[in-house]
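Reading the structure
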Amino acid sequence: MGPVGVRYPGGAPGDPGRSSEDEKVVSSKRVKEILSWYGSSNAGTLGNLARILNHGRLGGTGKLVILPVDQGFEHGPARSFAKNPPAYDPRYHFELAIDAGCNAYAAPLGFLEAGAAEFAGDIPLILKLNNSDSLYGGTDPAPAVTGSVDDALRLGCAAIGFTIYPASAARNEMYQQIRALSEEAKSKGLAVVIWSYPRGSGISKDGETALDVVAYATQIAAQLGAHFIKVKPPTAYIEQKDAKKVFESEKIPVETLPDRVRHVVQSAFGGRRIVIFSGGAAKGRDEVLDEIRGIAQGGGFGSIVGRNSFQRPKTQAIELLHEIMDIYANA
Ligand code: FBP
């Protein structure tokens, strides 16, 4: 039974009053509209996009909450899992994503291989195909390709995931890698998710989340052919001089988070690509929910929430994820 006052198409998932007819008719309308934006995709890819969009507590709403757990690789095990030790076990994350009713679960090869058979068919999976660790340092990230499209198929995934770092000296290599992986994934009927995180010697630290830069990173991911684009919530700072002039002359609103999210979503082909926002480092419930409200008001399609979910004890994580989902369901 869904929480009181929360609007889901045809009733909340699990609600005895929600008929399969409700789910079929009401949910598919929005999902079909979204699928129509990806007209050049083959039936396999469209089916996998639909699998993600129709799964979980937000299934059919056109909104998404995804659990990403690549932080063990990106940040190291203690920084990622020591706060909540059951999270060292890869099976924990499958269960968390399933129990919370997420749309999908994304992870690198090792984590997915450790649970894909046990949880086969229980939740759409996204195989993260490149990763970088924090051991080498340096200002220009250059991730390694750590899995293949065939790995994704073997593990029953609905999509591949890939991070690009626009503003890194190595960005062109990443663009070329995802071009080839995306071509192969699409030809084999998978969807493509791009994490677009501006970072590197081309921009300042504040520039990583500057509105103009995040919007630009969103556009690059869309131009690279992503079905889902994942970016960080933007600040009001504008990094690039030439962009600043346009923001001022065209009076593009930057003041509030909803304004900024609106600009980012518009930068994804006028809102015809699915843009979701990352949760960031662990923070308090109110701060998380305030940010989600801003994203939802600005027309964001959802969130990908890693540390703010798996670093909390499981019941608290599920509670918070449900609160997040309720905000999106009512937006
Ligand atoms: P979080 O919700 O934990 O921020 O996860 C989202 C994510 O994109 C992860 O997939 C990735 O490991 C992490 O952010 C990268 O964080 P950072 O950019 O701070 O290294």
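What comes next concerns the included structure. Everything numeric here is computed off the predicted structure, so don't read it as measured data.

Basis of the calculations
Here, residues in each chain are numbered from 1, in the same order as that chain's written sequence. This being a predicted model, a pLDDT of at least 70 is required before a residue's local features are given, and a value of 80 or more before pairs of side-chain atoms are given or counted; all residues contribute to the totals for chains, interfaces and linings. Computation of side-chain values covers all heavy atoms of the structure but excludes hydrogens and water. Think of it this way: any DSSP run of H or I at least four residues long counts as a helix, any run of E at least two long counts as a strand, and we number them from the N terminus. Throughout, the radius of gyration refers to the C-alpha atoms, and the reference size of a globule is 2.2 Å times the residue count to the power 0.38. Only protein chains enter the area calculation, which uses a 1.4 Å probe; residues under 20% of their type maximum are buried, those over 50% are exposed, and those in between are partly exposed. Any two residues whose heavy atoms approach within 4.5 Å are treated as being in contact. Methods summary: accessible areas were calculated by the Shrake-Rupley approach with a probe of 1.4 Å, and residue burial reflects only the protein chains presented. Strands pair, by our definition, only if DSSP identifies at least two bridges between them. Seen with its strands pointing away from the viewer, a crossover is right-handed when the path leading from the first strand over the helix to the second is clockwise.

This brings us to the overall build of the protein. Looking only at helices and strands, the protein has 14 helices and ten strands in total. Against the compact-globule benchmark of 20 Å for 331 residues, the protein has a radius of gyration of 19 Å, which places it among compact chains. Seen along its three principal axes, the alpha-carbon backbone of the protein occupies a region of about 55 × 40 × 40 Å. Within the protein, buried positions represent 56% of all 331 residues. Considering only contacts in the protein between residues 6 or more positions apart, those separated by 24 or more positions represent 73%. As presented, the protein carries roughly 13,900 Å² of accessible surface, and 53% of it is formed by carbon and sulfur atoms.

Turning next to the pairing of strand 9 (residues 274-278). The element strand 9 is extensively covered by neighbouring structure, given that five of its five residues are classed as buried. Bridge count for strand 8 (residues 228-231) against strand 9 is four bridges, and the pairing is parallel. In the sheet register, K230 faces strand 9, and the bridge partner there is I276. By the bridge criterion, three bridges tie strand 9 to strand 10 (residues 302-304) in an arrangement that is parallel. The partner of I276 across the bridge, within strand 10, is G302. The parallel pair strand 9 and strand 10 is bridged by helix 12 (residues 285-297), and the resulting crossover is right-handed.

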